[in-house]
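# Structural description and commentary
As a plain string of letters, each chain reads:
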Amino acid sequence: MQKLKVGVIGCGQVAQIIWLPYVHELDEYEIVALSDISQKLLNYYGNLYGVKKLYTDWHELLQDSEIEAVIVLNSNHTEVCIEAAKAKKHILVEKPLCENVEQAERIEKAVTENNVILMVGEMKRYDSGYRYARKLIGNMKGLRMIRARDVCDGLSASQPEIYESRRRTDVEQRVKEELNQAFEHELRKVTGDMSSDLYYRLLLAGVHDIDIMRAAFGEPQKVNYCDIWDDGNMLMAELDYGKQVKAILEVGYTNQKWFDEELTAYGIDQTITVKFPHPYIRNCPTLIRITENNNGMIVDKEIKVSYDEAFRNELRHFYECVIEEKVPETSISEGKKDMQLLNDIFQCYVRSKKC
């Protein structure tokens, strides 16, 4: 098997728990370089995975001619993706693609002009249970309502009990603050004079639900309603899918340690729910619940399609796209549509506050 030689940019929590282990395990990949602002993390994970090329500056990694593709896992994706495209590297970037539509357009321009593949790491699209449920939903009669919910602990309370991540204790606070300020600046392009906290949870948590909703049901005609409260920790929005169908989006951040993310489709005589497992616990199957009328009876079914991993599936898909020059399912175009809908939801909230 031809191995795809990759450089991983960013060795933070999601890299440590998810990406590095899976990429290392898969025969399709070879990790040839790592980049992070923390030399401490580079040394540890370079030693753990046998990676010799370690860069504290991602620009230097992009100049490495051995690298064919990059996996972008740092907090500020835009400039990395643009420069990676200019360096003719294919790109797998962790969700969300970026912070705003303007950035998405800049990334799209760079990717198109340099003829490279960019895939957004929306792993739930590659979840076997979700894929199975999408087919069921596509055949559902009389769809009337959609509900997408992600209300949990943001993985902060549960994560330490699952995996002890390593932190950048050797990086100056000034450097961290500069990166945070750059991220904040891009959030402000969406929120304007309002607090960026009002958009933060929608962007980081809601983008998953926006993406799987769009994939299953298409593009909503408009956003009818949005309210945000608890300093941005709670959001509810209503999306218009035509005369007969509305979608409710619920995003919340709490102290509860259980994972609570579901997508539900309500039809005239059938309800289908996709219940996602905690993403940091490996090989937990996604649960599909079906309740329907059947010859006058109420029938309940529970289906678990597979123990395979959505993250592993998406890595295999990226490999296939690069080797066979295919367009990824979660392409730059799809990532931009996600950003546009996130923006539309927030702007609906802004308009409601000006009334």
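Presented here is an overview of the structure given in this document.

For the rest of this paragraph, the subject is the overall build of the protein chain. Broken down by element type, the protein chain carries 11 helices and 14 strands. The C-alpha atoms of the protein chain give 21 Å as radius of gyration, which agrees with the globular expectation for 355 residues (20 Å, within 12%). Split into buried and exposed, the 355 residues of the protein chain put 55% on the buried side. Excluding contacts between residues fewer than 6 apart, the proportion of contacts in the protein chain whose partners are at least 24 apart in sequence is 68%.

Their axes nearest at 9 Å, the elements helix H9 (residues 197-217) and helix H11 (residues 332-354) cross at an angle of 125°. The orientation of H9 relative to H11 falls into the category oblique. With respect to the hand of their crossing, H9 and H11 are arranged in right-handed fashion. Here Leu198, Tyr199, Leu202, Leu203, Gly206, Val207, Ile210, Asp211 and Arg214 of H9 come into contact with H11, specifically with Glu334, Lys337, Asp338, Met339, Leu341, Leu342, Ile345, Phe346 and Tyr349. A class-by-class count of the residues in the contact of H9 with H11 yields 12 nonpolar, one polar and five charged.

Applying the stated criterion across every chain, the model contains 10 aromatic pairs. Between Tyr44 and Tyr45, the aromatic rings sit 4.8 Å apart at their centres with planes inclined by 80°, giving edge-to-face as the arrangement. A relative accessible area of 0% places Tyr45 in the buried class. Here the aromatic rings of Phe346 and Tyr349 are separated by 5.8 Å at their centres, their planes lie at 50°, and the arrangement is tilted. Residue Phe346 and its partner Tyr349 are located together in helix H11, separated by three residues, close to a single helical turn. Take Phe346 and Tyr349: they sit in the same class, and that class is buried. Clustering of aromatic rings is evident, with ring pairs tying together Trp19, Tyr22 and Phe311. In this structure, Lys124 is placed above the aromatic ring of Phe276, and the distance from its NZ or CZ to the ring centre is 5.5 Å. The ring of Tyr44 is capped by Arg166, whose NZ or CZ atom sits 3.7 Å from the centre of that ring.

On the basis of which strands lie adjacent, the open sheet formed by eight strands has the order S8-S9-S10-S7-S11-S12-S13-S14 and mixed pairing. Either end of the sheet is taken by a strand with one partner, and the two such strands are strand S8 (222-229) and strand S14 (297-304). Direction aside, the axes of adjacent strands within the sheet are offset by 10° on average. Across the face of the sheet, H11 comes into contact with S8, strand S9 (234-240) and strand S10 (246-253) while running at roughly 70° to S8.

On to the nonpolar core. Formed by 114 residues in total, the largest nonpolar core has its most connected members in Ile91, Leu118, Leu249 and Ile345. Counting residues per element, this core draws most heavily on H9, which supplies 11 residues. Leaving out residues up to four positions away in the same chain, Leu249 has contacts with Ala148, Leu202, Asp209, Ile210, Met213, Leu235, Met236, Ala237 and Ile345.

What the six strands build is an open sheet, ordered S3-S2-S1-S4-S5-S6; its pairing is parallel. At either margin of the open sheet sits one strand with a lone partner, and together these are strand S3 (53-55) and strand S6 (118-121). This sheet shows a mean twist of 25° between the axes of neighbouring strands, independent of strand direction. Bridge count between strand S4 (residues 69-72) and strand S5 (residues 90-94): four bridges; the pairing is parallel. The residue of S5 that forms the bridge with Val70 is Ile91. Sitting on the sheet, helix H4 (residues 78-86) is in contact with strand S1 (4-9), S4, S5 and S6, with an inclination near 170° to S5.

A word on the pairing of strand S11 (residues 261-266). Where burial is concerned, most of S11 is hidden: five out of the six residues are buried. Bridging between strand S7 (residues 145-152) and S11 involves six bridges; their strand directions are antiparallel. Residue pairing across strands places Arg147 opposite Thr264, the latter belonging to S11. In this sheet, strand S12 (residues 270-276) lies alongside S11 in antiparallel orientation, the contact comprising six bridges.

Once that is clear, we can look at unusual backbone geometry. For the bond running from Lys95 to Pro96, omega is -15°, close enough to zero to count as cis. By the secondary structure assignment, Pro96 is in the loop between S5 and helix H5 (101-113). Look at Asn115: it is not a glycine, yet its phi comes out positive at around 55°. Note that Asn115 resides in the loop between H5 and S6. Among the residues examined, Asn115 registers a relative accessible area of 68% and is labelled exposed. Its identity as a non-glycine residue notwithstanding, Glu325 has a phi of 55°, on the positive side. Looking at where Glu325 falls in the secondary structure, it is placed in the loop between helix H10 (310-324) and H11. Here Glu325 falls in the exposed class, since its relative accessible area comes to 71%.

Cut-offs used in this document
Residues numbered from 1 in each chain as written. Predicted model: local features only at pLDDT ≥ 70, side-chain atom pairs only at ≥ 80, totals over all residues. Heavy atoms only, no water. Helix = DSSP H or I, 4+ residues; strand = E, 2+ residues; numbered from the N terminus. Rg over C-alpha atoms; globule rule 2.2 N^0.38 Å. Buried < 20%, exposed > 50% of the residue type's maximum accessible area, 1.4 Å probe, protein only. Contact = heavy atoms within 4.5 Å. Axes fitted to C-alpha atoms, helices over the stretch in contact; angles between N-to-C directions. Parallel < 35°, antiparallel > 145°, perpendicular 65-115°, else oblique. Left-handed = near helix turned anticlockwise from the far one by under 90°. Nonpolar A, V, L, I, M, F, W, Y, C, P; charged D, E, K, R; others polar. Phe/Tyr/Trp six-rings, centres within 6.5 Å; stacked < 30°, edge-to-face > 60°. Lys NZ or Arg CZ within 6 Å of the ring centre and 35° of its normal. Pairing = 2+ DSSP bridges. Core = buried A, V, L, I, M, F, W, Y, C linked by side-chain atoms within 4.5 Å.

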